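Below, each chain spelled out in residue letters.
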Amino acid sequence: MNIVMIGTGYVGLTTGLGFASLGHRVACVDTDSAKMAQLDLGQAPFYEPGLEETLKSLQEQGQIVFTLDLKSVIDQADVIMIAVQTPPTARGQADLSYVLKAADQIGEFLTHEALVVVKSTVPVGTNRHVLSRIHERMCKQGKTDLAALIHIASIPEFLREGSALDDFMHPDRIVIGADDDVVFQTAEQLHQGIKSPVVRTSIESAELIKVCANAFLATKISFINEVANIVEGTGADVREIAHGIGLDRRIGPQFLRAGIGFGGSCFPKDVSALKSYAGINGYDFKLLSAVIDVNNRQWQRFFQKMQSVLGPLKGRRIGVWGLAFKPDTDDIRESAAIVFVQALVAHGAEVVAFDPKAQTNAARVLPDTVSYAPTAIDAASGADALVVLTEWPELRAVSFATLKTHMVDPVIFDGRNALCDLDLPAQGFRYFGIGIPDQHL
Ligand code: UDX
């Protein structure tokens, strides 16, 4: 099929590449001319494992193209996907202006029958609103008969940053929300080649499945983080508890890693959006308020723990490992690591940070006083303490014997429990994690 993808952010680009890999021809449209020029040269605008290689190879095969001009590609489209951003407004709702602008443009330029798919995460009711905007625009232009032939499907994405391309090919399920059997069939054809169960639902259920899945996963994280907070000092270990409860198939082992809290472009936004949607409808979704509160408090508790060990931070040199909201990405949106570093600076600490991919993005938002090191060891050189804020796997491979000789005081605060099994006290470190016994000789 010919697919037009409107929006080349994380979701649009990775999804576009996914469909191109399945053999469809994809035209990606965006208004950002610098980004499109970069993509045209086969360069990825953000870091995602395997993305640049996949991009180059699909470009060479002619399976994917990039353009600023929707009008020039829409004529060929069997399916038009909207994957533009839906940033949160000040009141926690999703800003739909980009989605609706895309709908207006589709209505304006489309002159043949097509299926429209909304990939952006949107509140319940948005897909129908998008369809009526397209119809309205078409009717205004005298394309009334054609308007009746434009259909919509909600096919939410569940891609994780850091493993998005693999997640596209191997999803746990493909959720298709539509009204019409023909639309279901077209949407299923679109995914041919992916061996995963298909869930056919109403459009509204599909919209809600996406935010409910993310809100539930965020709830699991806040739950285990609260458990971590109460077990400290008891001799219990939150990792053992997570393992013990996770083997119960009704609970499952995933998303039970305690730490300084969840971040990224989806979880905080989707939890707030679901809570705010409930509120608009007169329902107080108490559980989600707690999930958000626990998450906001989680990094602060760890910060206080560090202060109680180190004393006042003013003038102290702190090495920081990790700035991205999770490993394998350069994304710092809603990253707990960023808020943590901001607090370190606000308390007068001198921060030297290292992140394998996210330093450039972090430097755009962090105070100028933060400096950046080319290696993990350099970030900790001369430091009074080291804080781990993102669990990049390569940090485990650092020579801790060398690290110790570089630090003024060999003390590590690990906000992700990433190094807790390395027996760092045996190498002369004092080590503090989250929800695990403190380790020192
Ligand atoms: C998430 C969803 O997983 C994905 O399905 C959706 O499409 C987009 O949002 P992503 O934001 O890329 O994906 O990252 P994810 O791996 O889900 O992690 C989100 C946050 O939760 C990260 O900050 C991570 O560090 C944190 N997390 C995750 C924990 O703190 N503990 C865990 O056990 C798991």
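Treat the numbers as computed from the prediction; the structure is a model and nothing was measured.

A.B. asks: Account for helix α5 (residues 97-109), with residues named and values stated.
C.D. replies: Helix length check: α5 (13 residues) gives 18 Å between terminal C-alpha atoms against 18 Å at 1.5 Å per residue, within 8%. Burial in α5 covers these residues: V99, L100, A102, A103, D104, I106 and G107. In this structure, the buried residues of α5 make contact with β1 (2-6), α4 (70-74), β4 (79-82), β5 (114-118) and α6 (126-140).

A.B. asks: So what about the packing of aromatic side chains? Which residues, and what values?
C.D. replies: All chains considered together, the criterion is met by 12 aromatic pairs. Seen in terms of ring centroids, F303 and F340 are 5.3 Å apart; in terms of plane orientation they differ by 70 degrees. Their pairing is edge-to-face. With F303 in helix α13 (residues 286-310) and F340 in helix α14 (residues 336-346), this pair connects stretches of sequence that are 37 residues apart. Just as F303 is buried, F340 falls in that class too. Ring plane angle 85 degrees and centroid distance 6.1 Å describe the contact between F400 and F429, whose orientation is recorded as edge-to-face. Of the two residues, F400 is situated in helix α17 (residues 400-406) and F429 in the loop between β13 (411-414) and β14 (430-432); the sequence distance between them amounts to 29 residues. For the residue pair F400 and F429, the accessibility class agrees, reading buried in each case. When the ring centre of F158 is taken as reference, the NZ or CZ atom of R173 above it lies at 3.6 Å.

A.B. asks: I'd like a rundown of helix α9 (residues 181-190), residues and numbers included.
C.D. replies: For α9, the complete set of buried residues consists of V183, F184, A187 and L190. Along the long axis of α9, the arc covered by the buried residues comes to 120 degrees, so they all point the same way. Backbone nitrogen of V182 and a side-chain oxygen of the N-cap are separated by 2.8 Å at the start of α9; the cap is D180.

A.B. asks: Any chance you could break down the site of the ligand for me, citing the residues and the numbers?
C.D. replies: If you check the shell around the ligand, you find 18 residues, and the closest are F158, E161, R257, F325 and K326. At 3.4 Å from an oxygen atom of the ligand is found a side-chain nitrogen or oxygen belonging to E157. The contact in question runs from an oxygen atom of the ligand to an N or O atom on the backbone of E161, over 2.6 Å. Notes on the ligand: free accessible area 660 Å², of which the protein chains cover 95%. Tallying contributions element by element places helix α10 (residues 203-231) first for the shell around the ligand, with 3 residues.

A.B. asks: How would you summarise the nonpolar core if you had to cite specific residues and measurements?
C.D. replies: Nonpolar side chains in soluble globular proteins generally cluster together in the buried interior. Ranked by size, the top nonpolar core spans 66 residues in total, and within it W321, L344, L403 and I412 carry the most contacts. Counting residues per element, this core draws most heavily on α14, which supplies 8 residues. Apart from the residues within four sequence positions on either side, L403 is in contact with W321, I377, A380, L386, I412 and F429.

A.B. asks: So what about the pattern of salt bridges? Which residues, and what values?
C.D. replies: Applying the stated rule across the entire model yields 25 salt bridges. Put simply, R137 and D104 hold a salt bridge, and the shortest N to O gap is 3.8 Å. Of this pair, R137 sits in helix α6 while D104 is found in helix α5, placing the two residues 33 residues apart along the sequence. Judged by relative accessible area, which is 26%, R137 ranks as partly exposed. The exposure class assigned to D104 is buried, which follows from its relative accessible area of 14%. A salt bridge links R333 to E161; the nearest nitrogen and oxygen atoms lie 3.6 Å apart.

The rules behind the values
Residues numbered from 1 in each chain as written. Predicted model: local features only at pLDDT ≥ 70, side-chain atom pairs only at ≥ 80, totals over all residues. Heavy atoms only, no water. Helix = DSSP H or I, 4+ residues; strand = E, 2+ residues; numbered from the N terminus. Expected span 1.5 Å × (residues − 1). Buried < 20%, exposed > 50% of the residue type's maximum accessible area, 1.4 Å probe, protein only. Contact = heavy atoms within 4.5 Å. Phe/Tyr/Trp six-rings, centres within 6.5 Å; stacked < 30°, edge-to-face > 60°. Lys NZ or Arg CZ within 6 Å of the ring centre and 35° of its normal. Arc of directions from axis to C-beta. Polar contact = N/O pair within 3.5 Å; in protein donor to acceptor, adjacent residues only side chain to side chain. Near = heavy atom within 4 Å. Areas by Shrake-Rupley, 256 points an atom, 1.4 Å probe, with all protein chains shown as cover. Core = buried A, V, L, I, M, F, W, Y, C linked by side-chain atoms within 4.5 Å. Salt bridge = Lys/Arg side-chain N within 4 Å of Asp/Glu carboxyl O.

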